[in-house]
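Architecture and fold: a report
Here is how the chains run, residue by residue.
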Protein chains: 2
Amino acid sequence: MINRKCIIRLSRYKSALKRLKALGFVKVFSGNLADAAGVTSSQVRKDFSLFGITGNRRGGYNVDELIERIQEILGKNELQKVVLIGAGHIGNALLRYKGFETGGIKIMGAFDIDPEKVRSDGEVPVLPLEEFHEFVHKHSIRVGILAVPDVAAHHVSEIMIGAGITGILNFAPIQLRGAEGVIINNINLEVELENLIYFVNASEKTGKKG
Amino acid sequence: MINRKCIIRLSRYKSALKRLKALGFVKVFSGNLADAAGVTSSQVRKDFSLFGITGNRRGGYNVDELIERIQEILGKNELQKVVLIGAGHIGNALLRYKGFETGGIKIMGAFDIDPEKVRSDGEVPVLPLEEFHEFVHKHSIRVGILAVPDVAAHHVSEIMIGAGITGILNFAPIQLRGAEGVIINNINLEVELENLIYFVNASEKTGKKG
């Protein structure tokens, strides 16, 4: 079955393959990808067989072919167009994030309610929020990144869904719920860091006991 | 059993409670927190009973008491001190991220190898990487955020672990593996966005078929 975790692993394999390719490698073995993705070799082979990717255990896989095949699966042979709402600190960092472009993802436009943040001189234009609906339709965009403060997040998510966005990557520190047919992926930086701190403290306590 | 998901839910409850408190609410019901965290009411009650938190189903929970109790559990009644390595776009956005401070987390210092990024005039000083080891010891810090480019990430993680850091929140787009006793939480923005795009595309195909 193709679930979220499986697709995340494919993304990681692809990312590792691109690094290997940049270093001049032509062949890759399931063990290399297992290392890079933090899984077992047999997991890598299981994932590949799920998508009909076959290799030669001795000869390995051809790096170029494997990248192309994974990109086909991930739907990345065409450029994936996304939009961003919220051109604050996090939003601006995402606009400059190199990883998206090398992964075939392009932020086409950013939107903000603050007129002072609007500008068209950058590589990606920052436009007034009123133009969001038209822009999304014109460029047939389905995926948006939400990076606005918590109090605005719910309202802005409704604007996005109303304009036809069906996938939202949410950086606002509240748990957004999707409407029917809308996928929301919440990234809560505070919760992630808090979680890490909890387990570091917990393991220190255990360590002291032992 | 207290696992990662349970602690993440506690963080979300706490975050929702602080918002309710800011709006003047005194009492809260498991259904409110269930809404905010995207779980069922019975899950909320199960989590609370796991930590010995009791409430009155009719009268609800007292917001202030509940915040204090959850903060005790999460170890947040004292300020949690963390460091950051990598003062690029993502790193700078994290330095300015309001959510950490309101959550009782304080980035004490940031570090970079680029002398041009070093500055002591900001609220959080950006120091040369050579000073990392001494700084971490002086402030007894155990948790660090890593926001350097992919090629530097592995080397920098070794510097962090060498200085006594036992929890790393990694924003570099490679999967870092922890040493013994070190917890690594990888946040890969490209993988998250790619994943969302895959499922949006997949559901569009299904929708068209149907």
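Whatever comes next refers back to the structure up there.
Residues numbered from 1 in each chain as written. Chains lettered and ligands numbered in written order. Predicted model: local features only at pLDDT ≥ 70, side-chain atom pairs only at ≥ 80, totals over all residues. Heavy atoms only, no water.

1. Structural notes on the overall build of chain A
Helix and strand content of chain A: 9 helices and 8 strands. For chain A, the spread of C-alpha atoms along the principal axes amounts to about 60 × 55 × 35 Å. Counting contacts in chain A only where the partners sit at least 6 residues apart, residues at least 24 apart contribute 56% of the total. In the form shown here, chain A has an accessible surface area of approximately 10400 Å², with 53% of it arising from carbon and sulfur atoms. (Helix = DSSP H or I, 4+ residues; strand = E, 2+ residues; numbered from the N terminus. Contact = heavy atoms within 4.5 Å. Areas by Shrake-Rupley, 256 points an atom, 1.4 Å probe, with all protein chains shown as cover.)

2. Some points on empty space enclosed by the protein
One simple way to see leftover space: roll a probe sized like a water molecule over the atoms. Enumeration over the complete set of coordinates arrives at 1 cavity of 30 Å³ or more. A volume near 70 Å³ is recorded for the largest cavity. Lining the largest cavity are A:Ile90, A:Ala93, A:Leu94, A:Phe171, A:Leu189, B:Ile90, B:Ala93, B:Leu94, B:Phe171 and B:Leu189. Contributing elements (two or more residues each) for the lining of the largest cavity: α5 (89–95) of chain A together with α5 (89–95) of chain B. Classifying every residue of the lining of the largest cavity by side-chain character gives 10 nonpolar, no polar and no charged. (1 Å grid on protein atoms, 1.4 Å probe; cavity = no way out; pocket = protein on both sides within 12 Å on 5 of 7 lines; lining within 4 Å. Points joined across faces, edges and corners; volume = space filled by probe spheres on them. Nonpolar A, V, L, I, M, F, W, Y, C, P; charged D, E, K, R; others polar.)

3. Looking at the sheet that holds strand β6 (residues 143–146) of chain B
All names here are of chain B. Strand order in the open sheet formed by 6 strands is β5-β4-β3-β6-β7-β8, with parallel pairing between adjacent strands. Of all the strands in the sheet, the pair left with one neighbour each is β5 (126–128) and β8 (183–186). Pairs of neighbouring strands in the sheet enclose a mean axial angle of 25 degrees, with direction left out of account. Pairing of strand β3 (residues 80–85) with β6 involves 4 bridges; the strand directions are parallel. The residue of β6 that forms the bridge with Val82 is Val143. (Pairing = 2+ DSSP bridges. Axes fitted to C-alpha atoms, helices over the stretch in contact; angles between N-to-C directions.)

4. Comments concerning unusual backbone geometry
Of note, A:Ser140 is a non-glycine position whose phi angle comes to about 50 degrees, a positive value. For A:Ser140, the position within the fold is in the loop between α7 (132–138) and β6 (143–146).

5. Topic: the layout of surface pockets
Put simply, the second largest pocket is a space of about 1100 Å³. The wall of the second largest pocket is formed by 29 residues, among which A:Arg4, A:Glu192, B:Arg4, B:Ile8 and B:Glu192 lie closest to the centre. Listing elements by their share of the lining of the second largest pocket, those giving two or more residues are α1 (4–22), β8 (183–186) and α9 (189–209) of chain A together with α1 (4–22), β8 and α9 (189–209) of chain B. Split by residue class, the lining of the second largest pocket holds 11 nonpolar, 8 polar and 10 charged.

6. Some remarks on the packing of α1(A) against helix α4 (residues 63–74) of chain A
Residue and element names in this part refer to chain A. Running from amino to carboxyl end, α1 crosses α4 at an angle of 145 degrees, the nearest separation of the two axes being 10 Å. Where α1 crosses over α4, the two elements pack in a sense that is left-handed. Side by side, α1 and α4 meet where Ile7, Leu10, Ser11, Tyr13, Lys14, Leu17, Lys18 and Lys21 of the first sit next to Val63, Asp64, Leu66, Ile67, Ile70, Gln71, Ile73 and Leu74 of the second. Here the contact of α1 with α4 is composed, by residue class, of 10 nonpolar, 2 polar and 4 charged. (Left-handed = near helix turned anticlockwise from the far one by under 90°.)

7. A word on the packing of aromatic side chains
According to the stated counting rule, one finds 12 aromatic pairs over all chains in the structure shown. Ring geometry for A:Tyr198 versus A:Phe199: centroids 5.0 Å apart, planes at 90 degrees, classification edge-to-face. Given a relative accessible area of 13%, A:Tyr198 falls into the buried group. With 5.2 Å between their ring centres and 75 degrees between their planes, B:Phe111 and B:Phe135 make a pair best called edge-to-face. Separated by 24 residues along the polypeptide, B:Phe111 in strand β4 (residues 105–112) and B:Phe135 in helix α7 (residues 132–138) bring together distant segments of the chain. (Phe/Tyr/Trp six-rings, centres within 6.5 Å; stacked < 30°, edge-to-face > 60°. Buried < 20%, exposed > 50% of the residue type's maximum accessible area, 1.4 Å probe, protein only.)

8. Side note on the relation of the copies chain A and chain B
Placing chain A over chain B gives an RMSD of 0.0 Å and needs a rotation angle of 180 degrees, together with 0.0 Å of translation along the axis. The superposition of one copy onto the other is thereby described by a two-fold rotation axis. Considering only C-alpha atoms, the residue of chain A closest to the rotation axis is A:Ala93, which sits at 3.2 Å. Comparing contact sets, 100% of the residues at the interface of chain A also lie at the interface in chain B, consistent with an isologous, same-surface contact. (Least-squares fit on C-alpha atoms with pLDDT ≥ 70 in both.)

9. A word on the sheet that holds strand β3 (residues 80–85) of chain A
All names here are of chain A. The 6 strands lie next to each other as β5-β4-β3-β6-β7-β8, forming an open sheet whose pairing is parallel. On the outer flanks of this sheet lie β5 (126–128) and β8, each paired with one strand and no other. When strand polarity is set aside, the average angle formed by the axes of neighbouring strands in this sheet is 25 degrees. Where β3 and strand β4 (residues 105–112) come together, 6 bridges link them in parallel fashion. By the bridge assignment, Lys81 is partnered in β4 with Lys106. Against the sheet, helix α8 (residues 150–162) touches β3, β6 and β7 (167–170), its axis set at about 165 degrees to β6.

What is shown is where atoms sit, not what they do.
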